[in-house]
Amino acid sequence: MFGKIRLSVLGLTVGGILTIIGFVAYATDNATLNLAGFFYGIPLLLGGLALKASELEPVPFSQVTTPEILKLRETQATVTQNKIRKDITRYCYGQEAHLDQAFKYLQLSSSEDEMPIATGLRETETNNAYTLIVEFDSPFVPLAAWQAKQEKMTKYFGPDVEIKITETSENQIELALIRVLE
């Protein structure tokens, strides 16, 4: 529900308004509004600032999804494909990078500073099967490391998903999650 709403901006806006109301009420000697403004406004303002500091922007689509692919998604997409698409296309808070927990489990990076960064995603079709492709900037994790974890990724992102990893240019990796049709 809150994925498309920037909670940081909401906290900053509401907190800022209530804090200003509190200061104005203090200046005009209105004790009730003064208390409400300070006791609700300042914590909301600080909460908004904290959320803003830990905000992770949504990953943009690198291509427009065609109506044919949308129909394919509706009929073929796995639960995992849908979760990944929804997770990386929303605002997140308190995460270092999109899919950071998956990378930790897969042991794809030795530290949070060396984690691959999702830069785009697109939906396409591979041999009449729905395919979700996540594009990564991966300067610290070479293609060989990705390929060494391919079998583990297949188990992690499965069932009914085949993993294909390609390097499109230097430090640019595409992770394709292809729906396995029976």
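Everything below is about the structure shown above.
A.B. asks: So what's going on with the overall build of the protein? Residues and values would help.
C.D. replies: Along the protein, the regular secondary structure elements total 7 helices and 6 strands. Each helix and strand of the protein, ordered N terminal to C terminal, gives the series α-α-β-α-α-β-α-β-β-α-α-β-β. The globule rule puts the C-alpha radius of gyration for 182 residues at 16 Å, and the 22 Å found for the protein is more than 25% above it. Across its three principal directions, the C-alpha atoms of the protein cover 70 × 40 × 25 Å. In the protein, the proportion of contacts linking residues at least 24 apart, taken out of those at least 6 apart, comes to 61%. Counting only carbon and sulfur atoms, one obtains 58% of the accessible surface of the protein, whose full area is about 10,600 Å².

A.B. asks: Give me the lowdown on the nonpolar core, citing residues and values where you can.
C.D. replies: Within the largest apolar cluster, 29 residues are counted, with the highest numbers of intra-cluster contacts made by Ile84, Phe136, Trp146, Met153, Phe157, Ile163 and Leu175. Those elements that place two or more of their residues in this core are helix H3 (67-76), helix H4 (79-88), helix H5 (100-106), strand E3 (117-126), strand E4 (129-137), helix H7 (150-157), strand E5 (161-169) and strand E6 (172-179). Among the elements that take part in this core, E4 stands out by supplying 4 residues, more than any other. When sequence neighbours within four positions are dropped, the list of residues in contact with Phe136 reads Leu99, Phe103, Pro116, Ile117, Ala118, Thr119, Trp146, Asn171, Gln172, Ile173 and Leu175.

A.B. asks: Describe H4, and please don't skip the residues or the numbers.
C.D. replies: Inspection of H4 places Gln81, Ile84, Arg85, Asp87 and Ile88 among the buried residues, and these make up the whole buried set. Buried residues of H4, viewed axially, fall in a sector of 170°; they line one side. Across H4 from its buried face, at more than 90 degrees, point the exposed residues Val79, Lys83 and Lys86. Buried residues along H4 sit in contact with H3, strand E2 (92-93), E3, E4, H7 and E6.

A.B. asks: So what's going on with the side chain of Arg73? Which residues, and what values?
C.D. replies: Assignment of secondary structure puts Arg73 in helix H3. Side-chain polar atoms of Arg73 contact the side chain of Glu123, separated by 2.7 Å. For Arg73, the residues in contact, after removing those within four places along its chain, are Asn82, Arg85, Glu123 and Tyr130.

A.B. asks: Explain H3 to me, using residue names and the numbers behind them.
C.D. replies: Within the span of H3, buried status applies to Ile69, Leu72, Arg73 and Gln76. Take H3 and look down its axis: the buried residues cluster within an arc of 105°, on one side only. Every exposed residue of H3 that faces more than 90 degrees away from the buried side is listed here: Pro67, Lys71, Glu74 and Thr75.

A.B. asks: So what's going on with the sheet that holds E6? Which residues, and what values?
C.D. replies: Strand pairing in a sheet is mediated by backbone hydrogen bonds. Such pairs are either parallel or antiparallel. Here we have 4 strands laid out as an open sheet, ordered E3-E4-E6-E5, and antiparallel in their pairing. Each having just a single partner strand, E3 and E5 make up the two edges of the open sheet. Adjacent strand axes in the sheet meet at a mean angle of 20° when their direction is disregarded. Relative to E4, E3 runs antiparallel, the two being bridged by 9 bridges.

The rules behind each value
- Residues numbered from 1 in each chain as written.
- Predicted model: local features only at pLDDT ≥ 70, side-chain atom pairs only at ≥ 80, totals over all residues.
- Heavy atoms only, no water.
- Helix = DSSP H or I, 4+ residues; strand = E, 2+ residues; numbered from the N terminus.
- Rg over C-alpha atoms; globule rule 2.2 N^0.38 Å.
- Contact = heavy atoms within 4.5 Å.
- Areas by Shrake-Rupley, 256 points an atom, 1.4 Å probe, with all protein chains shown as cover.
- Core = buried A, V, L, I, M, F, W, Y, C linked by side-chain atoms within 4.5 Å.
- Buried < 20%, exposed > 50% of the residue type's maximum accessible area, 1.4 Å probe, protein only.
- Arc of directions from axis to C-beta.
- Polar contact = N/O pair within 3.5 Å; in protein donor to acceptor, adjacent residues only side chain to side chain.
- Pairing = 2+ DSSP bridges.
- Axes fitted to C-alpha atoms, helices over the stretch in contact; angles between N-to-C directions.

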